[in-house]
Structure formats: C-alpha cells, structure tokens
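One letter stands for each residue in the lines below.
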Amino acid sequence: MKFEDIRNICVVGAGNMGHQIALQAAICGFSVKCFDVNVETLKKADDFVNSYLPGRVEKGRLSEDQARQARVNIQFVDSLQVAAGDADFVIEAATEILSLKRKIFADLDQTAPAHCILATNSSAIVSSKIADATQRQDKVVNMHFFNPALVMKLVEVVKGPHVSDETADLTMQLSKVMQKVPVLLKKEVDGFLLNRIFAAISKEAMWLLEMGVADVEDIDNACVFGAGHPMGPFRLNDLTGIDLSYIMRMEKFRDTGNAADLPNPRLVEHYMKGEFGEKTGKGWYDYSTKK
Ligand SMILES: NC(=O)c1ccc[n+]([C@@H]2O[C@H](COP(=O)([O-])OP(=O)(O)OC[C@H]3O[C@@H](n4cnc5c(N)ncnc54)[C@H](O)[C@@H]3O)[C@@H](O)[C@H]2O)c1
C-alpha cells in the first residue's frame, strides 16, 4: 500500500484516548469512523467534538472551513462492521486488557479490508502479543499516542519482529501527517521509550529521597530548573496517581520476581495510607491547603 491510499481511518474505542486520536485524524483531513461498545461514550465524544472545534476557531487555531470539514470528516458509530469495513488504517484504543484486544484484532481481521494496517495504542502491551490473533501479523503494530492525544506531539511506533518495513514506514508517515512527532523503536521492549526513561528518573529520585540527600521539593526543582522538565517526578507522580505507580510496580515484580522491581518503601507508605496524590488531597505534596 502507498501512503496516498490511506484515506479512511477507523478508531476502536472512544474513551480518553480514542476520541481525541479520532478527532486529530479528522482535523488532518482523514475520513474517520470511531467505534465504541458504549453508546454513552459515543455521545460524549460527539458532544466533545461539537464544543472543541468552535473553541479552536475562536482561538484562531483553525479556520471556520477547517473546523467545518473536520466535523464532516468524523463519525461516531456503534458498529465495528461500519467503522472498519472500508478502513485503510485502524487505531485501536480500547480498554487495556490483553484478551479484549486479541478479540478486537481477530474481529478486525475479519472485518477490515486485507490491505488495512491494524495498530494498537496500548501503553504497555507489545503488538506481538496480539498479532497472532490475526492472519496479517506483518500489518499489526504499536502506535502509542500520549495523553491528551490532541495536544501531546509524541507517538512511539514499535516495530516488533513480525512487523513489515512497509507497515512501520506507513505508521511513521501517518503520525507525521497527523502533526505528531513519531519515534521508531526498532525492537519491542517493556514500557517502550518514554515511560522507561520516566521510570528510571522516578526510581533515582526516590532513591535520593530515601538516602536523605534532598527533600521532595528540591529534587523536583532540580528537574524543573536544571533539566527544563515541566514538572518534577514527585509532582508528576501525584498527578498520575501513586496508586497507579504502586499497582504497576507490583505487577512488574510479580512478572520478574526481581526485588529491584518492588515499589520504593516511601511510595508504599503513601499507598497504604490512601495518599494517592492530588485526587486524594495528599501524596508527596499536601494539597489540602493550596489549590
Ligand atoms: N489514558 C492514558 O493516559 C493513555 C495514554 C496512552 C495510551 N493509552 C492506552 O489507550 C487505550 C485506551 O485507554 P483510555 O485511557 O482511552 O481508556 P478509556 O477507558 O478511557 O477508554 C477505553 C474505551 O474502550 C471501550 N471499549 C471496551 N471494549 C471495547 C470493544 N470491544 N470495542 C470497542 N470499544 C471498546 C470502552 O467502552 C471505553 O470507552 C489503552 O490501551 C491504554 O493503555 C492510555
């Protein structure tokens, strides 16, 4: 397939990630059908498009014509058959459950045309765990967007051993045309690129705290004012949730059995006290007094 042949995009899942990926593709000129099993989610996504596009026009980021065209380009549908039947490229952004994704990919394999590439936006599942649910393993690839997908520029494209050069190239090209900055991972690796780097920074930051080298605020300040990060690792952890970090690290430990993968004791302490970060009013920082 040539890149010019990619006109119709199907997005599976209209949740946090899916509806924004779909809208970004529609803004960039593709004809997009976004499918979800939940009709309320579809309605919410459609309402979001109706409020988002005029806002972009008001801010001068889109012309009225561009916004009108984007609205025409995107449809939210409750049938996978309708969404994927004429798709040239599918981006799956459904719930992060391996068995569910394998079922979706098996269904897509039956529904989407033979030339269609099937990408997953999974943040942790490598596509080789999904590809063998289809008869087109060379066309099953990771295409990992970041949250919020309308704003964040990075896309990680992961070329597993089964992925053809053509699939990887087309996925990189599509990311660029969707106004993103794609990076190519030449091998599958747990956590992909950025989340691995973040995990290493966060592990080191927690070690420095544990050793009493510096306080939370000063470690964060070093990252913000020395490395130019928008926020430090502890502040970020409060935002994304200490509970999520704890669960992910415990899952990794269960997988590897390696004590080095266990969550940091200070993180466990916050988790056990129910101090999950911003959402509970307390985590590494106390949010009860300040907004
Ligand atoms: N949230 C993030 O920060 C983030 C970032 C990057 C990647 N991801 C990945 O994106 C994917 C979606 O995450 P999310 O945060 O949007 O989740 P979400 O829960 O907001 O959305 C998932 C959607 O999938 C739908 N769904 C479930 N089963 C389905 C099926 N069989 N067919 C179609 N739709 C189905 C659900 O109804 C829901 O609307 C996950 O794989 C996640 O790992 C998430």
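Residues numbered from 1 in each chain as written. Predicted model: local features only at pLDDT ≥ 70, side-chain atom pairs only at ≥ 80, totals over all residues. Heavy atoms only, no water.

A. Layout of the overall build of the chain. Assigned secondary structure in the chain consists of eleven helices and eight strands. Here the C-alpha radius of gyration of the chain, 21 Å, is about what a compact globule of 291 residues would show, namely 19 Å. With the C-alpha coordinates aligned to their principal axes, the bounding extent of the chain is approximately 60 × 45 × 35 Å. Counting across all 291 residues of the chain, residues that qualify as buried make up 45%. (Helix = DSSP H or I, 4+ residues; strand = E, 2+ residues; numbered from the N terminus. Rg over C-alpha atoms; globule rule 2.2 N^0.38 Å. Buried < 20%, exposed > 50% of the residue type's maximum accessible area, 1.4 Å probe, protein only.)

B. Inspection of the sheet that holds strand β5 (residues 117–120) at higher detail. In spatial order, the strands read β3-β2-β1-β4-β5-β6-β7-β8; together these eight strands make up an open sheet with mixed pairing. This sheet does not close on itself; its edge strands, each paired only once, are β3 (74–77) and β8 (181–185). Shown here is a sheet whose adjacent strand axes are inclined to one another by a mean of 25 degrees, direction ignored. Judged from the five bridges that link them, strand β1 (residues 8–12) and strand β2 (residues 31–35) form a sheet pairing that is parallel. (Pairing = 2+ DSSP bridges. Axes fitted to C-alpha atoms, helices over the stretch in contact; angles between N-to-C directions.)

C. Structural detail: the site of the ligand. As a matter of local geometry, the ligand sits amid 23 residues, with M17, D36, E96, K101 and S123 nearest to it. In this structure, A94 approaches the ligand through a main-chain N or O atom, which is 3.3 Å from an oxygen atom. Burial of the ligand by the protein chains amounts to 78% of its free accessible area of 830 Å². When residues of the shell around the ligand are assigned to their parent elements, the largest contribution, three residues, is made by helix α5 (residues 98–111). (Near = heavy atom within 4 Å. Polar contact = N/O pair within 3.5 Å; in protein donor to acceptor, adjacent residues only side chain to side chain. Areas by Shrake-Rupley, 256 points an atom, 1.4 Å probe, with all protein chains shown as cover.)

D. Just the domain arrangement of the chain, in detail. Domain boundaries in the chain define domain 1 (3–185) and domain 2 (195–280). The C-alpha centroid of domain 2 is placed 31 Å from the C-alpha centroid of domain 1. (Domains from an automatic or database assignment.)

E. Focus on the layout of surface pockets. In this structure, the second largest pocket occupies an estimated 230 Å³ of space. Q24, I27, Y52, R56, R61, L62, L150, V151, K153, Q179 and K180 are the residues that line the second largest pocket. Counting only elements with at least two residues in the lining of the second largest pocket, the list comes to α1 (18–27) and α2 (39–58). Taken together, the residues of the lining of the second largest pocket break down into five nonpolar, two polar and four charged. (1 Å grid on protein atoms, 1.4 Å probe; cavity = no way out; pocket = protein on both sides within 12 Å on 5 of 7 lines; lining within 4 Å. Points joined across faces, edges and corners; volume = space filled by probe spheres on them. Nonpolar A, V, L, I, M, F, W, Y, C, P; charged D, E, K, R; others polar.)

F. Geometry of the nonpolar core. Ranked by internal contacts, the top residues of the largest apolar core, which has 43 residues, are I9, I21, F30, V32, F89 and F145. Excluding residues within four positions of it along the chain, I21 makes contact with V11, I91, A93, N121, F145, A149 and M178. (Core = buried A, V, L, I, M, F, W, Y, C linked by side-chain atoms within 4.5 Å. Contact = heavy atoms within 4.5 Å.)

G. Looking closely at the packing of aromatic side chains. Counted according to the given criterion, the structure contains five aromatic pairs. Consider the rings of Y271 and F276, whose centres lie 5.5 Å apart with planes at 25 degrees: the pair is stacked. By relative accessible area, which is 21% here, F276 ends up partly exposed. Three or more aromatic residues joined by ring pairs make a cluster, and in this case those are Y246, Y271 and F276. (Phe/Tyr/Trp six-rings, centres within 6.5 Å; stacked < 30°, edge-to-face > 60°.)

H. Main features of the packing of α2 against helix α3 (residues 64–73). Look at α2 against α3: their axes get within 9 Å of each other, and the N-to-C directions meet at 170 degrees. As judged from the angle between their axes, α2 and α3 are roughly antiparallel. Both α2 and α3 take part in a crossing whose hand is right-handed. Counted together, D46, V49, N50, L53 and V57 of α2 and E64, A67, A70 and R71 of α3 form the full contact between these two elements. Taken together, the residues that form the contact of α2 with α3 break down as five nonpolar, one polar and three charged. (Parallel < 35°, antiparallel > 145°, perpendicular 65-115°, else oblique. Left-handed = near helix turned anticlockwise from the far one by under 90°.)

I. Seen up close, the side chain of T134. Inspection of the secondary structure assignment puts T134 in the loop between β5 and β6 (140–145). The exposure class of T134 is buried, given its relative accessible area of 3%. Polar side-chain contacts of T134 include one of 2.8 Å to the backbone oxygen of A131.

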